[in-house]
Every structure is written in structure tokens, then in C-alpha cells.
Amino acid sequence: MVPEIKPARVRFAPSPTGRFHIGSARTALYDYLYARKTGGQFILRLEDTDQKRFDPQSESEFYESLRWLGLHWDEGPDIGGPHAPYRQSERVELYQEYADELVANGRAYHCFCTPERLSQVRQEQQKRKEPPRYDGLCRSLSEREVNARRDSGESTVIRFKTPREGVTTCIDLLRGPITIDNATVDDYILVKSSGMPVYHLAAMVDDYLMEITHVLRGSEWLPTFPLHVMIYQALEWQQPQWVHLSIFLNPSGKGKLSKRRTTNQRTGAKAIYALELRQMGYLPEAVVNWISLMGWSYDDHTEFFQMKDLIDKFTLEKLNPSPAAVNYSKLDHFNGLHIRALSTEDLTERLYPFFVNADVQCDPGLLAEITPLIQERIRSLEEAVEMAAFFFNPTVDPDPQELVGKNLTPAESATATRQALAVLRNLVSFEPEHTEAELRKLADTLGLSAGQLFGILRVAITGQRVSPPLIESMSIIGTETVLSRLEQAVEKLEGIADPE
Ligand code: GLU
């Protein structure tokens, strides 16, 4: 019998401090998939308590990226929900309440140490080769002293009073139990002197209040995972299931993914942000497919997934904690597969803006005719412009040397082109089968291979060595333009031919 899965409440909780990169996209995707798979909710929460690093553009980029990827949230700062507000800066009083509760229960304390004192403590610890940590000076201040110093206006932070004895066992769904000595955990700050909570408090309070059942987050949180479990225990709350996702490695497989150095080898772009991938002509379907497999697999061979398949097949058990290297050739591969899976109408619609952005005078009706010719060939939407702009440009201007056929002289190439012109002028229309048969016949007569002749004609008509199928392209371009491009090619070839 299939075990019953309870509807999960899963949150994606980015800090609006930068751009939306593929690491964020993967966390959000897994959150979304699990929520949808279990019939639960996908919640978006903005963790904006770090005012120093706040970037006002971040929030709109998150929304745009998530929507582009098709990861639609059920509750969030913009749409509200039963646990609103979903922006931490609007929930500060709530965190203060729980910080006060921890202090009242003796599980946290006010600390008055100045930055100068703390830096001195750190220096001494360094000298003694001890790990840096708070030395606990304010841990045992009496309530009276604390109140008196606060009343006199001394500034204070609230620190967690980490148990000095015993062990804490934290359970990560992928890694199993992790047990640590409590004495190794620092007395972390929970509330800063400004009154703003830090992640360690705010995220725990919100996950609890928002009834989050599964916390999927980056493995950079593993070192402070014991603190988070201790906070839950101190407040006597039931913990969610914890899942720390694998880290991303650079494409070389060496080192953690670097935002500065990561380049797509084919395009040379620093393709780390979702919106940048969109601009480069990757389909959201392909990006979703690609990142879905960076830390999860279904079996050892299935790799083509649409969102609905992922929702159907996704399980937390199949997540893999091992680091995953970012592989851009794989992304190109998936992009190709998803481009071919689109209907031609859909692909035409998605291609159109790329032509417009490249300043090509693109006619949508004509583009619809071209799409089937390039659908099998392009690896990205952007590449379509390179491949097919010649259909829309009034003229092409190939380098004369490019027009010279393989193993032929310019004069021989000019003759072949002239002959092709004569053949084509006699055709009533460029019906592909007929045109091809006639040109093959001509190649035979001239003692050329079809490849030699078509090579010259391709450059002459399209202006490029690589193009969609030539004969079909000719029939779309139309007789008049084809003939005039060939005439121009003859002139160019004659211009570089040796005088007889
Ligand atoms: N705001 C945290 C971050 O952006 C979220 C971590 C979490 O999901 O708990 O890293």
C-alpha cells in the first residue's frame, strides 16, 4: 500500500540581498514540487532583517524569476495569506515576544559587551589558538543588574544561553542524526542592539508560526543547525523535518560555485542568474529540468521531465546530499529537448521577442513558416536569431572568399553560381522537391558534388555557412530575393577571380 502523504507546508525564504541565482531556483523548485506533490502549500517569505545588505531590486527580481520558472506561491508578501505578513521586517514585534520568553525562561540573556571588548576576547582566543566564541561574561548577570543597566540606557543584545553540558541530536532527512557536544556551540546573538532579530531567531519563529512542516534549505546552514534545534527545544515546539540540500560546485567540479567566475563555455556568459538564463534564450522548462537533477534523481536513466512529471515523481527520499557540479552542456541539451517538445506556434511566440530585441524586422507570419526549419537545430532561442535573421534582412553580404566552393577556384564557383541562376530562373516556383532535383542534376552536369554546389548557394543565399535546410529556406525567401542574392554572389566571385 502506498503510504499516505500529509499535505506539506513548505516555504522558500530568500533574503532580498542580491540576485536570484540557480541555487535559489533549485531550493524554490524543490519546495514547490513537494508542496504540489503532497497537495500542500508553497509559501514565499522574505527574510529582510539584515538592513545593511538589503537590495531594493531583489524582491521584484525574485518574483519575476519565480513566475518565469512557473513556481507560483500560495501565500506571500504580495498576496498575503493566513499567516501574513510574510515580510520579516513587518514581524519584528513577534520575534521580540519570543526573545523575551526565552529570557524569562532562562534560555537567553541580555549581553552588554561592547564591540571593543568582544574584539579583545577574540584576539586573546586567537593567541591561545582557541576557536572564536563569546566568553559568557554576561551569562550570569542578575536580573536586577540587567534591569538597572538597561534602564540607564546601556545597549544590549540578546544571546542564546547554549547549554554547557550534554549533547544535542539533530536529524537531517538526508544525512540522518547528527550529534554534537553542546559545549561546542557558541552563545549566538538572537536579537541585535537595534532590536532586529537575526536569522536564527526570526526563521525559527516564522517556521513555527507559519506551521511549516518541511524546511528545505542550503547546506550552509548545517553548522548552525544545532542552534536551531536547541531554539525549538527551548521553546518546546515540535520541529519540522529538516533537509539541507547539496551545494553546487563550479563547472570544473572544483570549489563551491562562484558567482564571479562561472561561465557558460559555449556562450561565454556568466550564466548564474535565472533572468540571465532567460535572456540567453533558455526555456524555463529546460532550466527547471536541469536544476531538478542537481541534487535529485528519479532513477538512473530518466532525465527528461516536464513540471507535471516532476510533481508526480518528486520525493524527498531521492534527494542526494553530495555536491553537484553545474554543467552547462547539460543545460544546452535540455534546452534542445524542450525546444523540440514545444508546438511550433508556442515556439514561434517565444522566438519573436528575441528577433525584435536583436533589431531584426521580424514578421510574425514569416517567422511561423521558418520555425519548423529551425526547431530541430537550435540550442537556445537566442541562437535562432543568428541562424535565421537572413530571412528578414533585405540583403546578405557574405565575404567573397566564403563563397568559393570546396576545392574550387573563384572562377569555377562563379560559373557554377551562374549556371544555378539559369536553372532557377527557369523554374516557375521553388517547390522544394523539384528545386532540389534540378540543382542535383546541375551539379552532375558540372561534375561537382551536390555538397560543393549547395555550399556555394548556401553562403550566397543565406550569407552564412550554417543555415536551416537550404532548399526549404529558398522556397520561403522567394524567387526574386534568391535570384538577386545569387546575382550578387556572381559579381563578388568575379571580383576575386584571376583574370583569364
Ligand atoms: N534567508 C535565508 C537565506 O536566504 C533562508 C534560509 C532558509 O531557507 O531557512 O539563506
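Above: the structure in question.
This section reports on the structure supplied with the text.

Reading guide: rules and limits
Sequence order as written defines residue numbering, which begins from 1 separately in each chain. It should be noted that, the model being predicted, local features are given only for residues of pLDDT at least 70 and side-chain atom pairs only at 80 or more, the latter also being counted only at that level, while totals for whole chains, interfaces and linings use all residues. Note that the side-chain values use all heavy atoms of the structure and ignore hydrogens as well as water. Exposure categories follow from relative accessible area, calculated using a 1.4 Å probe and restricted to protein chains: below 20% of the type maximum is buried, above 50% is exposed, and the middle band is partly exposed. Helix and strand definitions follow DSSP, with helices as H or I runs of at least four residues and strands as E runs of at least two, each counted in order from the N terminus. Here the rule is simple: two strands pair whenever DSSP picks up at least two bridges between them. Working definition of a nonpolar core: buried Ala, Val, Leu, Ile, Met, Phe, Trp, Tyr and Cys residues. They are joined through side-chain atoms within 4.5 Å. Contact criterion: two residues are considered in contact whenever any of their non-hydrogen atoms come within 4.5 Å of each other. If a single non-hydrogen atom of a residue is within 4 Å of a molecule or strand, that residue counts as near it. What qualifies as a polar contact is a pair of N or O atoms within 3.5 Å, subject to a donor-acceptor requirement within protein and to the restriction that residues adjacent in sequence count only when both atoms come from side chains. Every accessible area reported is derived by Shrake-Rupley at a probe size of 1.4 Å, with residue values counting cover from the shown protein chains alone.

## Section: the pairing of strand 1 (residues 9-12)
Every other side chain in a regular strand lies on the same face of the sheet, so the side chains alternate between the two faces.
Then step 1. Every second residue of strand 1 is oriented toward a common face, with Arg-9 and Arg-11 on one face and Val-10 and Phe-12 on the other, all of them buried.
Then step 2. Bridge count between strand 1 and strand 2 (residues 41-44): four bridges; the pairing is parallel. Bridging from a neighbouring strand, Arg-9 pairs with Gln-41 of strand 2.

## Considering unusual backbone geometry
Then step 1. Cis geometry marks the peptide bond from Ala-84 to Pro-85, where omega comes out at -5°.
Then step 2. One non-glycine residue, Glu-211, adopts positive backbone phi at about 60°.
Then step 3. Given a relative accessible area of 48%, Glu-211 falls into the partly exposed group.
Then step 4. Backbone geometry at Asn-407 places phi at a positive 60°, although glycine is not the residue there.

## A word on the nonpolar core
Then step 1. Judged by nonpolar contacts, the single largest core of 112 residues is most densely connected at Trp-290 and Phe-355.
Then step 2. Sorting elements by how many residues they give to this core places helix 1 (residues 22-38) first, with nine residues.
Then step 3. Beyond its immediate sequence surroundings of up to four residues, Trp-290 is in contact with Ile-22, Leu-277, Val-326, Asn-327, Tyr-328, Lys-330, Leu-331 and Phe-334.
Then step 4. Counting residues in hydrophobic clusters, the runner-up holds 33 residues, among them Val-205, Met-210, Phe-225 and Trp-242.

## Thoughts on the site of the ligand
Then step 1. All residues adjacent to the ligand are Arg-11, Ala-13, Pro-14, Ser-15, Glu-47, Tyr-199, Arg-217 and Trp-221.
Then step 2. The contact in question runs from a nitrogen atom of the ligand to an N or O atom on the side chain of Ser-15, over 2.8 Å.
Then step 3. Starting from 300 Å² of accessible surface for the ligand in isolation, the protein chains cover 82%.

## Considerations on the environment of Lys-52
Then step 1. Secondary-structure assignment places Lys-52 in the loop between strand 2 and helix 2 (56-69).
Then step 2. The spacing of Lys-52 and Glu-472 is 420 residues in sequence and 59 Å in space, taken between C-alpha atoms.

Read these as geometric descriptors, not functional statements.
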